[in-house]
Each structure stands twice: as structure tokens, then as C-alpha cells.
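Listed here are the chains, written in short residue letters.
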Amino acid sequence: MWEKDNYHKELAKTLEFPEYYGENLDAFNDCLSDMIPKNKGFVLAFRNYDIFTKKHPDIAFHILDIIQINSWRFLIEGTVLLGIVQSNDGKLSFPPLGGMDADWNRDEWLNTNRGLRGL
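Just so it is clear, the structure is predicted and the values come from calculations on it, not from any experiment. Each residue is numbered by its place in its chain's sequence as written, counting from 1. Local features in this predicted model are restricted to residues of pLDDT 70 or higher, and side-chain atom pairs are both shown and tallied only at a pLDDT of 80 or more, whereas totals for entire chains, interfaces and linings draw on every residue. With hydrogens and water excluded, all non-hydrogen atoms of the structure serve as input to the side-chain values.

Asks: Explain the overall build of the protein residue by residue, including any values.
Replies: Numbering of helices and strands runs from the N terminus; a helix is a DSSP stretch of H or I covering at least four residues, while a strand is a stretch of E covering at least two. When helices and strands are tallied, the protein shows 4 helices and 2 strands. Taken from N to C terminus, the helices and strands of the protein fall in the order α-α-β-α-α-β. Residues are treated as being in contact if the distance between any of their heavy atoms lies within 4.5 Å. Long-range contacts, defined as pairs at least 24 residues apart, comprise 64% of the intrachain contacts of the protein with a sequence gap of at least 6. The method behind every accessible area is Shrake-Rupley, applied with a 1.4 Å probe, and residues are considered shielded solely by the protein chains displayed. Roughly 8200 Å² of accessible area belongs to the protein as shown, and the carbon and sulfur atoms make up 52% of that amount.

Asks: Describe the nonpolar core, with residues and values.
Replies: Phe28, Leu32, Phe46, Tyr49, Ile63 and Ile67 are the most contacted members of the largest nonpolar core, which has 28 residues in total. If you list the elements that add at least two residues to this core, you get helix 1 (7-15), helix 2 (25-34), strand 1 (41-46), helix 3 (49-55) and helix 4 (57-76). Every residue in contact with Ile63, bar those within four places of it in the chain, is listed here: Trp2, Tyr7, Leu11, Leu25, Phe28, Phe46, Tyr49 and Phe52. Buried Ala, Val, Leu, Ile, Met, Phe, Trp, Tyr and Cys residues form a nonpolar core when they are joined through side-chain atoms within 4.5 Å. Exposure classes here rest on a 1.4 Å probe applied to the protein chains alone. A residue is buried below 20% of its type maximum, exposed above 50%, and partly exposed in between.

Asks: Describe helix 1, naming the residues involved and giving the relevant values.
Replies: Burial in helix 1 covers these residues: Tyr7, His8, Leu11, Ala12 and Leu15. One side of helix 1 carries all its buried residues, which in axial view fall inside an arc of 135 degrees. Every exposed residue of helix 1 that faces more than 90 degrees away from the buried side is listed here: Lys13 and Thr14. Packed against the buried residues of helix 1 are helix 2, strand 1, helix 3 and helix 4. Glu16 sits one or two positions beyond helix 1 and adopts a positive phi of about 55 degrees. This arc corresponds to the set of directions leading from the helix axis out to the C-beta atoms.

Asks: Go over the packing of aromatic side chains, please, and point to the residues and values.
Replies: Under the pairing criterion, centres of Phe, Tyr and Trp rings, with the six-membered ring standing for Trp, must be within 6.5 Å; the plane angle then separates stacked pairs below 30 degrees from edge-to-face pairs above 60, leaving the rest tilted. The final tally for this structure, using the stated rule, is 11 aromatic pairs. Here Trp2 and Tyr7 contribute two aromatic rings whose centre-to-centre distance is 6.0 Å and whose plane-to-plane angle is 45 degrees, an arrangement assigned as tilted. We note that Trp2, like Tyr7, is buried. A ring pair is formed by Trp2 and Phe46, whose centres lie 5.7 Å apart and whose planes are at 70 degrees; its orientation type is edge-to-face. Taken together, the positions of Trp2 in the segment before helix 1 and Phe46 in strand 1 put the pair 44 residues apart, joining distant regions of the chain. The exposure class of Trp2 is buried, given its relative accessible area of 18%. Aromatic rings pair up to connect Trp2, Tyr7, Phe46, Tyr49, Phe52 and Phe94 into one cluster.

What follows is the structure, given as C-alpha cells:
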């Protein structure tokens, strides 16, 4: 479970950032930008992101925004960076990420398919 004081440590460990990682969002952007995937790319999957978002909405947005911006840059270089966010909150939404709206997958496009019946 991410909290404000541990999410940087978890990101750094999972993504194998260098020891000099500054544990702030600018450093996250820098280290993510500098990553050289071993294959054609990588996927970042976040489960229960709604829990972290409810506690720290600005940070949650900026993490996804940084991923989106870097995913466009990686594509230019022929590398795929894909961010997948799972939420238990059918109403979870973010402002445009990297200048684009975050969309629901096709199976959950309609509100009735997101478990929002009667809300």
C-alpha cells in the first residue's frame, strides 16, 4: 500500500532506479526517461490505484502524467512504455494525461459496465 512517504521507494525498487534517485517527481521523470529496457519495452501496472488517488490525488495524477509523457517519447525511439491502472472505483478519472484523456477499456466504456448501477 502506497503512502506519501513510501511510494518513491517502491517505484525505485521496482524500476531498479540508481541509488542517487532523488525521491521526488522530477527525479522520477528523469530516471524513467533514462531507462533503457532490455527488450522492446515494458508495462507498468498499478493495482488499486484508487486508494492512493483518494489520499494523494495530485501525486497520483503526476505519476501517470509522467508515464504518459515518457510513453510518447519512448515510441519515437521505438520502445513501448505502457501504463495500466486498475481501480475499484468506477468513477475514478483524471485530467488529461500528457495532453490526452485516460480512457476506459472497451468492456467498461459504458457506465453500466463499470458497476455504477444505482449510483
